[in-house]
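# Inside the fold
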Amino acid sequence: MREILGRRRRLLSRRNDKGPELLGAALTFATEWQWPVLPGVAPDPQGRARCACPDPECTVPGAHPFDPGLLAATTDERMVRWWWGNRPTAPIVLATGAAGGKAPCAVSLPALAASRALTLLDRRGMRLGPVVAAPTRWALLVKPYSMEQLGELLYAKDFVPGSLRFHGEGGYLALPPSETGQGAIRWERAPLPGSAKPWVPDVEAVVDAVVDALTRTGVSAPEL
């Protein structure tokens, strides 16, 4: 019993150690880059693969907003400090495409397919912006886009993998160094240190390149 309690204390200590790191990252996103953020709901302490939200079938445990809701996302320093002062280990959630188009959007796909696609795009010399990696999916940050713009882009294509997901206005994305029920969120391609605001590409360029890369590498990118 003492050994179990000791392990729990060590786990809690490690989680609490991330508090300053999470607050610092949230402040960078909100105040320096003007990306609206808010705290995500935490994983269930009784089982980290489950979510603390009321939905027993939650598919993104600990990686989505709940209370406060997505519309509360802000770039206000005082609010960010208050949130993470009260919930120091809360995941950082980006409200994609918010703040009048100041926040980036994202295109995500399964991790294996994303890794192979990025390798091919690197060989071609394509410039990519930051890439957020969760254990099962990676998200490529892109410039804000409208639903009309996205619809026209997808309509013009003969084939779009069903596993591609689009995080536009009204969407969200967990940012590093958050810990979620599925595991740690990290940068696969980190913003340049000291960036005033990270550069991100147009959604057209990313979708064109990713679909072409998946087709050429023979990765079907199954639903995940």
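Residues numbered from 1 in each chain as written. Predicted model: local features only at pLDDT ≥ 70, side-chain atom pairs only at ≥ 80, totals over all residues. Heavy atoms only, no water.

### Section: the packing of aromatic side chains
Defined as follows: Any pair of Phe, Tyr and Trp rings, taking the six-membered ring for Trp, is counted once the centres come within 6.5 Å. Such a pair is stacked with planes under 30 degrees apart, edge-to-face with planes over 60 apart, and tilted for the rest. Criterion for a charge above a ring: Lys NZ or Arg CZ within 6 Å of the ring centre, and within 35 degrees of the ring normal.
For the structure on display, the rule yields five aromatic pairs. For the ring pair W83 and W84, a centre distance of 6.4 Å and an interplane angle of 80° mean the geometry is edge-to-face. The structure contains a cluster of three or more aromatic residues connected by ring pairs, namely F29, W33, W35 and W187. Over the ring of W199 we find R127; its NZ or CZ atom is 3.8 Å from the centre of that ring.

### Digging into the confidence of the model for the chain
Threshold: Values of pLDDT, ranging from 0 to 100, describe the predictor's confidence in every residue of the model. Starting at the N terminus, helices and strands are each numbered in turn, a helix being any DSSP run of H or I of at least four residues and a strand any DSSP run of E of at least two. The contact criterion used throughout is that any non-hydrogen atoms of two residues lie within 4.5 Å.
For the chain, the average pLDDT comes to 84, and 84% of its residues sit at 70 or higher. For the chain, the element scoring lowest by mean pLDDT is helix α1 (residues 2-17), at 47; strand β6 (residues 131-133) scores highest, at 97. A low-confidence stretch, residues 220-224 stays under pLDDT 50, and its non-local contacts, those more than four residues away or across chains, total eleven contacts.

### Topic: unusual backbone geometry
How we decide: Partly exposed residues are those whose accessible area sits between 20% and 50% of the maximum for their type, while under 20% is buried and over 50% is exposed, using a 1.4 Å probe and protein chains only.
Residue P68 follows D67 across a cis peptide bond; omega there is 10°. Residue position: P68 is located in the loop between β3 (47-51) and α3 (77-86). A cis geometry characterises the amide bond from P176 onward to P177, with omega recorded as 0°. If you trace the backbone, P177 turns up in the loop between β9 (171-175) and β10 (179-180). For Q34, which is not glycine, the phi torsion reads 60° and is therefore positive. Within the secondary structure layout, Q34 lies in the loop between α2 (19-32) and β1 (37-39). Residue Q34 is classed as partly exposed on the basis of its relative accessible area, which comes to 28%.

### Thoughts on the sheet that holds strand β4 (residues 92-96)
Selection rule: Strands pair, by our definition, only if DSSP identifies at least two bridges between them. Axis definition: a line fitted to C-alpha atoms, limited for helices to the stretch in contact. Angles are taken between N-to-C directions and run from 0 to 180 degrees.
Sheet architecture is open: three strands sit in the order β1-β4-β9, paired in antiparallel fashion. One side of each edge strand has no neighbouring strand; the edge strands of this open sheet are β1 and β9. For this sheet the average axis-to-axis angle between neighbouring strands, irrespective of direction, equals 35°. Sheet analysis places β4 next to β9, joined by five bridges and oriented antiparallel. Of the residues in β9, the one forming a bridge with L94 is L173. Across the sheet, α2 touches β1, β4 and β9, and the angle it forms with β4 is around 15°. Sheet contacts for α3: β1 and β4; angle to β1, the most-contacted strand, approximately 20°.

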